Amino acid sequence: MIAIIGTWKMCREGLMEAHEMLKSGACAADAVTHAVVRVEDDPAYCSVGYGGLPDRDGHVMTDAAFMDGTSLRMGGVMSAENIKNPILAARMLCGREINCLLAGRGAELFALRHGLKMRDMRTEASMRRWREAVPERPERLTAYTGHDTVCVLALDENGRLAAGVSTSGLFMKDPGRVGDSPLIGSGFYADDRFGAAAATGLGEDIMRGCLSYETVSRMKRGESPQQACEGALRELAARKIELGENADNMSLIALSPDGRFGAATTLPCFPFAAARGGESGLYAVDGNGLTRAISPDELAGVD
Ligand code: GLY
């Protein structure tokens, strides 16, 4: 069985291509990388890669990670500037036993030394957005209009799972701020034996429940990917509400070793793309765990 799932409508085109790759025998790692690169390269998607959301000082600083579910190795970059495809750096770093998670200048030097393309990740649109926001920087930052990290999980015909995530993080974040995305267990996790999971939304909240590891851990204990996503999210959201806090911006996806997928959200509606065997589609899950197929034109304004 082959399967692939990714967050938000923005991953749809790359994910469909990656699905074709899997059908032709590509490995999960290549499929994940392809789907994430497609989003990073497209300036129309303003929360990932080129044209991403700037920080308070007007810099587009990216976080990305890659995990191989067979070896349990991961690689990641955080607070990295001008790496054209942060996911490619993360994937390369995943091969390393040590020094596999690099921040800032170290990540940029790694990319340069390994021949990865560099580019100014700012676009006219991203700088316009920044200039307009500077005078009224909000006190409580939220992920940009309900979408942020692209997360992709894939299962190949050899039973290998891989996870990849990439984001420019929170709009107008403090310089150096890092969210859940490059942090193993919070933004992503993959283990061929039990499943893979990844999270999108407000990183500061997601980290507090190590949501991706918690989801895979529930699958290890026998829950389906859907039960695991809902259970992990419900538990953290309930605790946050007990503490008098909001829990309104977290979403999860998961994939099991036999190709079943799950998704859950605390948003009113969270779109994702998925493909399993020969079938593929775009879906949305609501806060009650109900998933329905949607058309690309639905949920206007949400990428
Ligand atoms: N979930 C992405 C971030 O908070 O940076």
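The structure under discussion appears in the preceding block.
Read on for a plain summary of the structure. The shown structure was predicted, so the numbers you read here are calculated from the model rather than taken from an experiment.

So, how was this worked out
Residues numbered from 1 in each chain as written. Predicted model: local features only at pLDDT ≥ 70, side-chain atom pairs only at ≥ 80, totals over all residues. Heavy atoms only, no water. Core = buried A, V, L, I, M, F, W, Y, C linked by side-chain atoms within 4.5 Å. Buried < 20%, exposed > 50% of the residue type's maximum accessible area, 1.4 Å probe, protein only. Helix = DSSP H or I, 4+ residues; strand = E, 2+ residues; numbered from the N terminus. Disulfide = S-S within 2.5 Å. Phe/Tyr/Trp six-rings, centres within 6.5 Å; stacked < 30°, edge-to-face > 60°. Lys NZ or Arg CZ within 6 Å of the ring centre and 35° of its normal. Near = heavy atom within 4 Å. Polar contact = N/O pair within 3.5 Å; in protein donor to acceptor, adjacent residues only side chain to side chain. Areas by Shrake-Rupley, 256 points an atom, 1.4 Å probe, with all protein chains shown as cover. Nonpolar A, V, L, I, M, F, W, Y, C, P; charged D, E, K, R; others polar. Pairing = 2+ DSSP bridges. Axes fitted to C-alpha atoms, helices over the stretch in contact; angles between N-to-C directions. Contact = heavy atoms within 4.5 Å. Salt bridge = Lys/Arg side-chain N within 4 Å of Asp/Glu carboxyl O. Expected span 1.5 Å × (residues − 1). Parallel < 35°, antiparallel > 145°, perpendicular 65-115°, else oblique.

1. Details of the nonpolar core
In this structure, Ile4, Ile253 and Phe272 are the most contacted members of the largest nonpolar core, which totals 85 residues. Top element by residues in this core is helix α2 (residues 28-41). It accounts for eight residues. Membership of the second largest hydrophobic core comes to seven residues, among which are Cys46, Trp130, Ala133 and Phe171.

2. What to know about the state of the cysteines
Summed over all chains, the structure comprises zero disulfides. Here Cys94 stays free of any disulfide, with the sulfur of Cys100 as its closest cysteine sulfur at 7.8 Å.

3. A closer look at the packing of aromatic side chains
Under the definition given, this model contains six aromatic pairs. When the centroid spacing of 5.9 Å and the interplanar angle of 75° are considered together, the rings of Phe261 and Phe272 count as edge-to-face. A residue pair is termed long-range when its members are at least 10 positions apart, and Phe261 in strand β10 (residues 261-265) and Phe272 in strand β11 (residues 269-276) qualify at 11 residues. Taken together, Trp8, Phe261, Phe270, Phe272 and Tyr283 form an aromatic cluster joined through their ring pairs. Arg91 extends its terminal NZ or CZ atom over the ring of Phe66, reaching a point 5.5 Å from the ring centre. Its end group placed over the ring of Tyr50, Arg119 keeps NZ or CZ at 3.6 Å from the ring centre.

4. Some details on the site of the ligand
If you check the shell around the ligand, you find Asp148, Thr149, Gly169, Leu170, Arg177, Gly179, Asp180, Ser181, Gly201 and Gly203 and nothing else. Asp180 places a side-chain nitrogen or oxygen 2.7 Å from a nitrogen atom of the ligand. With respect to the ligand, the backbone of Gly203 contributes an N or O atom lying 2.8 Å from an oxygen atom. Notes on the ligand: free accessible area 200 Å², of which the protein chains cover 99%. Of the residues belonging to the shell around the ligand, the class tally is one nonpolar, six polar and three charged.

5. Here's the deal with the sheet that holds strand β6 (residues 161-167)
Within a sheet, each strand pairs with its neighbour through backbone hydrogen bonds, oriented either parallel or antiparallel. Spatially, the nine strands line up as an open sheet ordered β4-β3-β2-β6-β5-β1-β11-β12-β13, and their pairing is mixed. Of all the strands in the sheet, the pair left with one neighbour each is β4 (101-103) and β13 (291-293). Sheet twist, expressed as the average angle between the axes of neighbouring strands with direction ignored, equals 15°. Sheet topology note: the strand β2 (residues 61-68)/strand β3 (residues 73-81) ladder contains seven bridges and is antiparallel. The residue of β3 that forms the bridge with Ala64 is Val77. Sheet strands touched by α2: β1 (3-7), β2, β5 (150-155) and β6. Its angle to β5, the strand with the most contacts, is close to 160°.

6. Structural notes on the pattern of salt bridges
Per the stated rule, a full pass over the model turns up 22 salt bridges. Taking the shortest distance from any N to any O, the salt bridge between Glu20 and Lys23 comes out at 3.2 Å. Of this pair, Glu20 and Lys23 are both found in helix α1 (residues 12-23), three residues apart, which corresponds to roughly one turn of the helix. Take Lys23: its relative accessible area is 42%, and that puts it in the partly exposed class. Shared partners join several salt bridges into a network, and the residues in it are Asp205, Arg208, Lys240 and Glu245.

7. Regarding α1
Since the α-helix packs 3.6 residues into each turn, any two residues three or four apart lie on the same face. Taking 1.5 Å per residue, 12 residues should reach 16 Å; α1 reaches 16 Å between its end C-alpha atoms and fits that length. Contacts from the buried residues of α1 go to β1, α2, β5, β11 and β12 (279-286). A positive phi of about 100° marks Gly25, the residue just after α1.

8. Quick notes on the packing of α2 against helix α3 (residues 86-93)
Their axes nearest at 8 Å, the elements α2 and α3 cross at an angle of 155°. By the angle between their axes, α2 is roughly antiparallel relative to α3. Residues Ala29, Asp30, Thr33, Val36, Val37 and Glu40 of α2 form the contact with α3, whose own contacting residues are Pro86, Ile87, Leu88 and Arg91. Residues that form the contact of α2 with α3 fall into these classes: six nonpolar, one polar and three charged.

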